[in-house]
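# Coordinates in review
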Amino acid sequence: MRFSRLRELPVHTFLFLSTLLSVMTTVAIVFVLFKESLVFFREVSVFEYIFGTQWTPLFKPQHFGFLPLLSGTLLIALGSAIVSVPLGVLTAIYMSEYASAHIRSWIKPLLEILSGIPTVVYGYFALTFVTPLLKIIFPSTSVFNAASGAIVVGVMTLPMIASLSDDAMRSVPQNLRDAGYALGATKAEVSANIVFPAALSGILASVVLAVSRAIGETMAVTLAAGATPNLTLNPLESVQTMTAYIVQLSLGDTPHGTLEYQTLFVIGVTLFIITLFMNFLSEFVLRKYRQKYD
Amino acid sequence: MTKEPASHAYAKNLAFRRKKARVFKYMCFAASMFGLVFLFCLFYNIFSNGLSYVSWDFITHFPSRFPHKAGIQSAIWGSIWLMGLTAIFSIPVGVGASVYLEEFAPKNTFIKIIEINISNLAGVPSVVYGLLGLAIFVRWIGLGRSIVSGALTMSLLILPIIIIASREAIKTVPDSLRYAALALGATKWQMVRGHVLPSAMPGIMTGIILSISRAIGETAPLLVIGALGFVPFNPKGPMDSFTVLPIQIFNWASRPQIEFHKLAATGIIVLLVVLLMMNSIAIFLRYKFQSRK
């Protein structure tokens, strides 16, 4: 007995170390990002970074104002939400309230294909299909534009909202619906005024997660939205997101230890903090506003 | 007599409400169709652009400046090398961590923190993993812009997904199985190895295949650690520089010439076929798993 326990010690150690690796990954991410960022902020003031309106680290005169990248990122994230939130929520209502089990068993996996398609494919599609389409409607659309990126990212995150909101609405107990019907409400009234509010915490959490994913999305926006740090709210212009900047810089030869190299990590840490905050927010919304029906 | 107009108003209003309900239903239906129509357009666009270049030569040629000579042999070998090494690194560690958390871990704050940490890691954008790989594997350990660096980065990226999926699979194993093994004098590890893991295996395999297929399509972290866009040779070993399918696609798609866009579409067809095969295996395993229960 004791012998076999002793013999199993290496196994136990391996299992424990495997688990520990996840903590070490987080520590490493935080350490690496902050270490390089601190070097950067010795040269550039935090004030210039946060409030500067020009981002030109790759040519002289260098400016390190992060607002253009933030506006590009927000334009994509909010634009994608305009696509994904109404469509995702309505899809969820259809799946949980209207569709038969048979239809649902077809729609849900088909929608999940959308979230399994590699993001570079979405980028290609935005470039060769969505942008030409936009050009027909708005002739002033540039080859790279925020709108096409936002649309494909919206579709990419749609299944996440649809699937999680569907789960949330299906967990609303049937007797709430029955009470609505007993009062003479139509199915639409029950769905919109009873089921939707009752599942609101789950729906909101899914929206926050989808926006967080849109902020971190890289390849589709790099291909579709371009590489012009541009402080604009016009979705038909070319912009650059934080993630697209990281890719742009990685494609060039940036010597290790230069200020340009460190901007990678500064943008990385900003991205990390924003998405972490969003993920916690989603969790918080889910916990705080959950209605329990037991 | 006073009742008449009120019920009349109700009836009129009811007709309006019913109409609204119908419109709402159609809106919901249209919204669910939007995603499917989009999916159809996407496939149609890619196949109509890419089918003309599908040929055996496309698979066996190396990338080239001339579109009609270009192929994806080096990208395919790069993807195979990268995925093989990623699987070797991530599967034992991922499954190990999930076994530990499900079967061995005490219930305390530290374990709770680890669990929260894992679910947060799953939400970290993939470019950030690229930065981690660049700083640790490429620079600090000095593995350079090699396949190993890429595979280690990818492993960290998919570990949380493997752990979460494997834990779900292990959770479905009934406790009676564990008690039976323990009652016969098995140690905890014998119980896990002999009973829990085998019966959770289909679920674990499904999770692993889905995470690897996510890694196959992943581009951003590899660009950050410095995988190259133009590699006219096959990797010979784990320390070689490399390219992978999605990076080759990105490279072609970001050129202005229409011919290269068509090549990108052809590359996407190959990538989608690979993903389709992997997902079919996963669905098959899930089906087998469900029918056995």
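In this text the structure is predicted, and so the values were computed from the model without any measurement.

Right, let's get into the overall build of chain B. In terms of regular secondary structure, chain B is built from 11 helices and 0 strands. The linear arrangement of helices and strands in chain B, starting from the amino end, is α-α-α-α-α-α-α-α-α-α-α. Its C-alpha atoms give chain B principal-axis dimensions of about 95 × 70 × 35 Å. Taking the contacts inside chain B whose residues are at least 6 apart along the sequence as the reference set, 73% of them involve residues at least 24 apart. By element, 68% of the accessible surface of chain B is carried by carbon and sulfur atoms, the whole surface being about 14000 Å².

Here we take up the interface of chain A and chain B. With 73 residues of chain A at the interface, the matching set in chain B holds 70 residues. Summed over both partners, the interface of chain A with chain B comes to about 6300 Å²; 80% of that surface belongs to carbon and sulfur atoms. Where chain A packs against chain B, one counts 1 salt bridge. Notably, a salt bridge pairs B:Arg17 with A:Glu189, separated by 2.8 Å at the nearest N-O pair. For the interface between chain A and chain B, the tally reads 10 residue pairs in polar contact (both at pLDDT 80 or more). Here the side of chain A that touches chain B gets 17 residues from one element, more than from any other, and that element is helix α2 (residues 9-43) of chain A. Taken together, the residues that form the side of chain A that touches chain B break down as 48 nonpolar, 23 polar and 2 charged.

It is worth spelling out helix α9 (residues 187-198) of chain A at this point. Along its 12 residues, α9(A) runs 15 Å from first to last C-alpha, staying within 8% of the 16 Å computed at 1.5 Å per residue. Those residues of α9(A) that fall on the buried side of the exposure criterion are A:Ala188, A:Glu189, A:Val190, A:Ser191, A:Val195 and A:Ala198.

So, about the side chain of A:Glu217. Residues and elements named next belong to chain A. Here Glu217 lies in the loop between α10 (200-216) and α11 (219-225). Among buried Asp, Glu, Lys and Arg side chains, Glu217 stands out as unpaired, with Arg213 the closest opposite charge at 5.2 Å. Polar contacts involving the side chain of Glu217 include one to the main-chain amide nitrogen of Met219, which spans 3.1 Å. Excluding residues within four positions of it along the chain, Glu217 makes contact with Thr119, Val153, Met156 and Thr243.

Before going further, it helps to examine the nonpolar core. Among the nonpolar cores identified, the biggest contains 180 residues, and A:Tyr122, A:Phe265, A:Ile267, B:Leu82 and B:Leu222 are the most heavily contacted of them. Apart from residues lying up to four places away in sequence, A:Tyr122 is in contact with A:Leu114, A:Ser115, A:Ile117, A:Val152, A:Val155, A:Met156, A:Ala220, B:Phe38 and B:Leu42.

It is worth spelling out the packing of helix α4 (residues 109-121) of chain B against helix α6 (residues 147-171) of chain B at this point. Residue and element names in this part refer to chain B. As a packed pair, α4 and α6 sit with axes 8 Å apart at the nearest point and diverge in direction by 120°. If you check the angle between α4 and α6, you find them oblique. Helix-helix and strand crossings are classified by hand; for α4 and α6 the assignment is left-handed. For the pair α4 and α6, the contacting residues are Glu115, Ile118 and Leu121 in the first and Pro160, Ile163, Ile164 and Arg167 in the second.

Residues and elements named next belong to chain A. A surface patch of nonpolar side chains, amounting to about 410 Å² of accessible area, comprises Val46, Phe47, Ile50 and Phe51. Examined against the element boundaries, Val46 turns out to sit in helix α3 (residues 46-51). Taking relative accessible area as the criterion, Val46 reaches 45% and is therefore assigned partly exposed.

Taken as a whole and judged by the stated rule, the model has 21 aromatic pairs over all chains. Relative to B:Tyr100, the ring of A:Phe16 lies with its centre 5.3 Å away and its plane at 65°, an arrangement referred to as edge-to-face. Within this pair, whereas A:Phe16 is found in helix α2, its partner B:Tyr100 is found in helix α3 (residues 73-104), the two belonging to separate chains. We classify A:Phe16 as partly exposed; its relative accessible area is 29%. Ring plane angle 85° and centroid distance 5.4 Å describe the contact between A:Phe40 and A:Phe64, whose orientation is recorded as edge-to-face. Taken as a pair, A:Phe40 in helix α2 and A:Phe64 in the loop between α3 and α4 (67-98) lie far apart in primary sequence, 24 residues in all. Classification of A:Phe40 as buried rests on a relative accessible area of 0%. Grouping aromatic residues by their ring pairs yields a cluster made of A:Phe40, A:Phe41, A:Tyr49, A:Trp55, A:Phe64, A:Phe66 and A:Tyr245.

A word on the side chain of A:Thr186. Tracing the sequence through the fold places A:Thr186 in the loop between α8 (174-182) and α9. For A:Thr186, a relative accessible area of 11% translates into the label buried. When residues no more than four places from it in sequence are discounted, the contact partners of A:Thr186 are A:Tyr181, B:Arg17 and B:Ala21.

Quick notes on the rules
Residues numbered from 1 in each chain as written. Chains lettered and ligands numbered in written order. Predicted model: local features only at pLDDT ≥ 70, side-chain atom pairs only at ≥ 80, totals over all residues. Heavy atoms only, no water. Helix = DSSP H or I, 4+ residues; strand = E, 2+ residues; numbered from the N terminus. Contact = heavy atoms within 4.5 Å. Areas by Shrake-Rupley, 256 points an atom, 1.4 Å probe, with all protein chains shown as cover. Buried area = accessible area lost by both parts, 1.4 Å probe. Salt bridge = Lys/Arg side-chain N within 4 Å of Asp/Glu carboxyl O. Polar contact = N/O pair within 3.5 Å; in protein donor to acceptor, adjacent residues only side chain to side chain. Nonpolar A, V, L, I, M, F, W, Y, C, P; charged D, E, K, R; others polar. Expected span 1.5 Å × (residues − 1). Buried < 20%, exposed > 50% of the residue type's maximum accessible area, 1.4 Å probe, protein only. Lys, Arg positive; Asp, Glu negative; His and termini not counted. Core = buried A, V, L, I, M, F, W, Y, C linked by side-chain atoms within 4.5 Å. Axes fitted to C-alpha atoms, helices over the stretch in contact; angles between N-to-C directions. Parallel < 35°, antiparallel > 145°, perpendicular 65-115°, else oblique. Left-handed = near helix turned anticlockwise from the far one by under 90°. Patch = residues over 30% accessible without salt bridge, like charges linked within 9 Å, V, L, I, M, F, W, Y side chains within 5 Å. Phe/Tyr/Trp six-rings, centres within 6.5 Å; stacked < 30°, edge-to-face > 60°.

Everything listed is a geometric property; what it means functionally is a separate question.
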